[in-house]
Amino acid sequence: MARPREFNESDALGTAIHAFWKNGYQATSIRDLETATGLTTGSLYKAYGSKRNLFAHCVKKYMDEQSYLAILKSKSALPLRDALREVLDVAIESARPDARRLPGCLVSNLAAELATVDSELGNSAAMQLQNMQKAIELRIEEARDNSELEPGTDAPRLAAYIMVLLQGMLAISKSTKDIESMRSARDMALDCLR
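Presented here is a report on the structure given in the accompanying data block.

Here is what the cut-offs are and how they apply
- Residues numbered from 1 in each chain as written.
- Predicted model: local features only at pLDDT ≥ 70, side-chain atom pairs only at ≥ 80, totals over all residues.
- Heavy atoms only, no water.
- Helix = DSSP H or I, 4+ residues; strand = E, 2+ residues; numbered from the N terminus.
- Buried < 20%, exposed > 50% of the residue type's maximum accessible area, 1.4 Å probe, protein only.
- Polar contact = N/O pair within 3.5 Å; in protein donor to acceptor, adjacent residues only side chain to side chain.
- Contact = heavy atoms within 4.5 Å.
- Expected span 1.5 Å × (residues − 1).
- 1 Å grid on protein atoms, 1.4 Å probe; cavity = no way out; pocket = protein on both sides within 12 Å on 5 of 7 lines; lining within 4 Å.
- Points joined across faces, edges and corners; volume = space filled by probe spheres on them.
- Nonpolar A, V, L, I, M, F, W, Y, C, P; charged D, E, K, R; others polar.
- Axes fitted to C-alpha atoms, helices over the stretch in contact; angles between N-to-C directions.
- Parallel < 35°, antiparallel > 145°, perpendicular 65-115°, else oblique.
- Left-handed = near helix turned anticlockwise from the far one by under 90°.

Let us look at the side chain of K61. Along the chain, the position of K61 falls in helix α4 (residues 51-65). Given a relative accessible area of 10%, K61 falls into the buried group. Polar contacts involving the side chain of K61 include one to the side chain of S10, which spans 2.8 Å. Ignoring any residue separated from it by four or fewer positions in sequence, one finds K61 in contact with S10, L13, G14, I17 and Q66.

This is the structure we're talking about:
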């Protein structure tokens, strides 16, 4: 009979997510993961088999609980405009010096890096970004069908625009941290949702 895990998996994954998000996939060593999680290398390998498998578990937890897709889904009761405002505001807030959240997005930050290191992980990251765009598109279609938007609103095109805007905001949240420009871009995007 297998012994139960002697650590809180959710906590361990949460701290591993932070390490990968902060440092990147390649720059996060097993030693970094030991320090972050408080687990030994043996425990990490016994639980996950490899750094790669641990990362895959981290991405799943991140997408389910912390990603911009998770934020959008959690706001499903709100009108589209209000839900997207909240998603974009999280990106803006992550650029503040006192932010509680790391800037950018775990998956967005690592998609390009992973594509050159591990094509399977890179494709998985790219798929997660496509899922986000599809979720935005579905919300736009729903808003259009509920008369929140004009009947002729092109949902795929508007979703692509919002996704590109969000990715740009995530890049700015990590680089120039130009919060005023991010707010202006958010307001312009929200004006498209009338």
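It is worth spelling out helix α6 (residues 80-93) at this point. Owing to its 3.6 residues per turn, the α-helix aligns residues three or four sequence positions apart on the same side. Spanning 14 residues, α6 covers 20 Å between terminal C-alpha atoms, matching the ideal 20 Å at 1.5 Å per step. Buried within α6 are the following residues: L80, A83, L84, V87, L88, A91 and I92. Buried positions along α6 lie against α5 (68-74), α8 (119-145), α9 (155-174) and α10 (179-191).

By the definition in use, this model includes two cavities of 30 Å³ or more. Here the largest cavity defines a volume of roughly 60 Å³. Every residue lining the largest cavity is counted, 13 residues in all, and those nearest its centre are Y68, L69, C105, L129 and M132. Looking at the lining of the largest cavity, the elements that each hand over two or more residues are α5, α8 and α9. Considering every element that reaches the lining of the largest cavity, the biggest residue donor is α9, with four residues. Classifying every residue of the lining of the largest cavity gives nine nonpolar, four polar and no charged.

Next up on the list: the packing of α8 against α9. At a closest axis distance of 8 Å, the pairing of α8 and α9 adopts a crossing angle of 130°. The angle between the axes of α8 and α9 places the two elements in the oblique class. Crossing geometry of α8 relative to α9 is assigned as right-handed. Across the interface between the two elements, L129, M132, Q133, I136, E137, I140, E141 and R144 from α8 touch A155, P156, L158, A159, A160, I162, M163, L166 and Q167 from α9. Tallied by class, residues from the contact of α8 with α9 come to twelve nonpolar, two polar and three charged.

What follows is about the packing of α4 against helix α7 (residues 106-117). Look at α4 against α7: their axes get within 11 Å of each other, and the N-to-C directions meet at 145°. In terms of crossing hand, the pair formed by α4 and α7 is left-handed. Facing F55, V59, Y62 and M63 of α4, the residues of α7 in contact are L106, V107, L110 and L114. For the contact of α4 with α7, a count of residues per class yields eight nonpolar, no polar and no charged.

Any link to function would need more than the numbers given here.
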